[in-house]
Amino acid sequence: MPRQRTPTYLYFVLIISLAFLGSQLLMSLLMKTSDILDEIDIFRSLTAGGQSDQPLDSGARNKHQFDDANKHCSPGNFQLNNDGICHPMLTCKDIQDNVNAIQHIGGGAVKQVYLARWKKYKVILSNLSHPSFTDDFLYGAEMLQQFHPSPFVTQLLGFCLSKPTIVTEYHSFGSLENINSILKEKDEDNVVTRFKLCLDYVKIINFLHSSPTGTHVMCDSNDLTKTLSQFLVTSDLHLVINDLDALPVVDSSKASLIKCGHREIVGDFVAPEQLWPYSGVEFNDAQMPGYDEKTDIWKIPAVVDYLLGEDVHGDVVRFNLFKLHQKCSSKDPTLRPTAAEVLKGYLDVQQTLKL
């Protein structure tokens, strides 16, 4: 028996119904997004205390505060707690005679870190853990010296090469690992503050990739926790990079690539090119291909996703960053944007959402 054909008008009715349903769902999504954006605007106006509607560039704010804190100090000097007093960089004798360790607060293969006191100030004292890591320790000291002063890097107060020791500024909030508890303590757990931290993070990556000393790659970043531990949270809830002993330089003009250590790297947090590419073959560092600064770009979406937290307003930011983060997650590193391009995208989102 021949099968009966469905009347054409029924297809027409079905298409119209699906189109109507789709438009309703789209309208609902747009209205929800609009509501969230309105809430962000309301929240921003409440927290801004009647300030201008122009978005505040957190990097610029950090720079202004940095300039204010150091404008009275000549090169080779530092200032603490914005107290207006300039101090000369601490020498070996200054450190030996006047810097006193109070409490061991952390450390690893390269250095041991202590909360210490110098005069009336709390400072951070870092000592070499083992002579076999002297080169790494001294490289970190050199980077701190070359970057000093910078709004993106923890402030160097002094160092000693004969007895490898570094003294840096103390930040009471500690590392970025603690950000969720810090924001709750400060009653600042909101999308405006969280996005400011994301922007600071991207600005620091851009600084490292375009610094006067070359294009530096963050090698101490094989997982999320390790990456977060490289940054300190300042008293005004900005970020500075703290651990600089694993920042090798890529020289693109000479096609000079880097490798982060001599051991096999595993996990889905690191960029694909950092993984051993030869399946079924035992890892051999001599055969491991090198890579460049685009490994840092790959990690940006994961770090930012964590920093945005679980608040629904963070989803609006994620939505606006989606296409940019897709490019950051390209398996081919040459297709990923530069840090400067990522920063521009973040500033555009800041402008769009008035964060």
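The structure this text deals with has already been given above.
One structure accompanies this document, and this report is about it. Keep in mind the model is a prediction, meaning the values are calculated, not measured.

### Some points on the overall build of the protein chain
Reasoning step 1: In terms of regular secondary structure, the protein chain is built from 10 helices and 11 strands.
Reasoning step 2: By residue count, 43% of the 355 residues in the protein chain fall in the buried class.
Reasoning step 3: Sequence separation of at least 24 residues holds for 65% of the intrachain contacts in the protein chain that already meet a minimum separation of 6.
Reasoning step 4: As displayed, the protein chain offers around 19600 Å² of accessible surface, 55% of which is attributable to carbon and sulfur atoms.

### Points about the side chain of T193
Reasoning step 1: Among the structural elements, T193 can be located in helix α6 (residues 191–209).
Reasoning step 2: Among the polar contacts made by the side chain of T193, one reaches the side chain of E188 at a distance of 3.0 Å.
Reasoning step 3: If near-sequence neighbours (up to four positions away) are discounted, T193 is found in contact with L183, E188 and L237.

### Notes on the environment of F137
Reasoning step 1: Here F137 is to be found in helix α4 (residues 134–147).
Reasoning step 2: Of the residues examined, F137 reaches a relative accessible area of 2% and is grouped as buried.
Reasoning step 3: Taking C-alpha positions, F137 is 9.3 Å from A246, a pair spaced 109 residues apart along the chain.
Reasoning step 4: The residues contacting F137, other than those within four sequence positions of it, are V110, K111, S126, N127, L128, P164, T165 and I166.

### Digging into α4
Reasoning step 1: The terminal C-alpha atoms of α4, which comprises 14 residues, lie 20 Å apart, in line with the 20 Å expected from a rise of 1.5 Å per residue.
Reasoning step 2: Those residues of α4 that sit buried are F137, G140, A141, M143, L144 and F147. An end-on view of α4 places all buried positions within 155 degrees of arc, on one side of the element.
Reasoning step 3: Contacts from the buried residues of α4 go to β4 (111–118), β5 (121–128), β6 (156–160), β7 (165–169), α6 and β8 (215–216).

### A look at the side chain of D296
Reasoning step 1: Note that D296 resides in helix α8 (residues 294–308).
Reasoning step 2: The charged side chain of D296 is buried without a salt bridge, its nearest counter-charge being K299 at 4.7 Å.
Reasoning step 3: Discounting chain neighbours no more than four positions away, the residues touching D296 are Y201, I205, H209, H216, V217, M218 and S221.

### A look at the environment of R117
Reasoning step 1: Summarising the element assignment, R117 is placed in strand β4.
Reasoning step 2: You can call R117 partly exposed: its relative accessible area is 33%.
Reasoning step 3: Here the alpha-carbon distance between R117 and V99, two residues 18 residues apart in the chain, equals 5.7 Å.
Reasoning step 4: Here R117 is in contact with N98, V99, N100, I102, K122 and V123, once residues within four sequence places are set aside.
Reasoning step 5: In terms of polar contacts, R117 uses its side chain to reach the backbone carbonyl oxygen of K120, at 3.4 Å.

### So, the sheet that holds β5
Reasoning step 1: Here five strands make up an open sheet; going across it, the order is β3-β4-β5-β7-β6 and the pairing antiparallel. Two strands lie at the open edges of the sheet, namely β3 (99–107) and β6, each paired on one side alone. When the angles between neighbouring strand axes are averaged without regard to direction, this sheet yields 25 degrees.
Reasoning step 2: Of the pairings in the sheet, the one linking β5 to β7 comprises five bridges and is antiparallel in character. When the sheet's bridge partners are listed, L125 is paired in β7 with V167.
Reasoning step 3: Relative to the sheet, α4 contacts β4, β5, β6 and β7, its axis offset from that of β7 by approximately 40 degrees.

### Remarks on the pattern of salt bridges
Reasoning step 1: Scanning the entire structure with this criterion turns up nine salt bridges.
Reasoning step 2: Residues D348 and K344 are paired through a salt bridge, measuring 3.1 Å at the closest nitrogen-oxygen approach. Note that D348 and K344 are positioned in helix α10 (residues 339–353) at a spacing of four residues, about one turn of the helix.
Reasoning step 3: Residue classification places D348 among the partly exposed residues on the basis of a relative accessible area of 38%.
Reasoning step 4: Its relative accessible area of 53% is what places K344 among the exposed residues.
Reasoning step 5: Because the salt bridges share partners, they merge into one network encompassing K111, D243 and D245.

### Regarding the pairing of β6
Reasoning step 1: When you tally the buried positions in β6, you get four out of five residues, the bulk of the element.
Reasoning step 2: Between β6 and β7, which follow one another and run antiparallel, lie four residues.

### Comments concerning helix α9 (residues 312–328)
Reasoning step 1: In this model, α9 (17 residues) spans 23 Å end to end at C-alpha, consistent with the 24 Å of a helix rising 1.5 Å per residue.
Reasoning step 2: Along α9, the largest kink reaches about 55 degrees and is centred on F322.
Reasoning step 3: Buried residues of α9: H313, G314, V316, V317, L321, L324, H325 and C328, and no others.
Reasoning step 4: For α9, the side-chain oxygen to backbone nitrogen distance between the N-cap and H313 is 2.7 Å, and the N-cap itself is D311.

Conventions we followed
Residues numbered from 1 in each chain as written. Predicted model: local features only at pLDDT ≥ 70, side-chain atom pairs only at ≥ 80, totals over all residues. Heavy atoms only, no water. Helix = DSSP H or I, 4+ residues; strand = E, 2+ residues; numbered from the N terminus. Buried < 20%, exposed > 50% of the residue type's maximum accessible area, 1.4 Å probe, protein only. Contact = heavy atoms within 4.5 Å. Areas by Shrake-Rupley, 256 points an atom, 1.4 Å probe, with all protein chains shown as cover. Polar contact = N/O pair within 3.5 Å; in protein donor to acceptor, adjacent residues only side chain to side chain. Expected span 1.5 Å × (residues − 1). Arc of directions from axis to C-beta. Lys, Arg positive; Asp, Glu negative; His and termini not counted. Salt bridge = Lys/Arg side-chain N within 4 Å of Asp/Glu carboxyl O. Pairing = 2+ DSSP bridges. Axes fitted to C-alpha atoms, helices over the stretch in contact; angles between N-to-C directions. Bend = angle between axes of the 7 residues up to and from the residue.

By themselves, these observations are geometric and do not establish any function.
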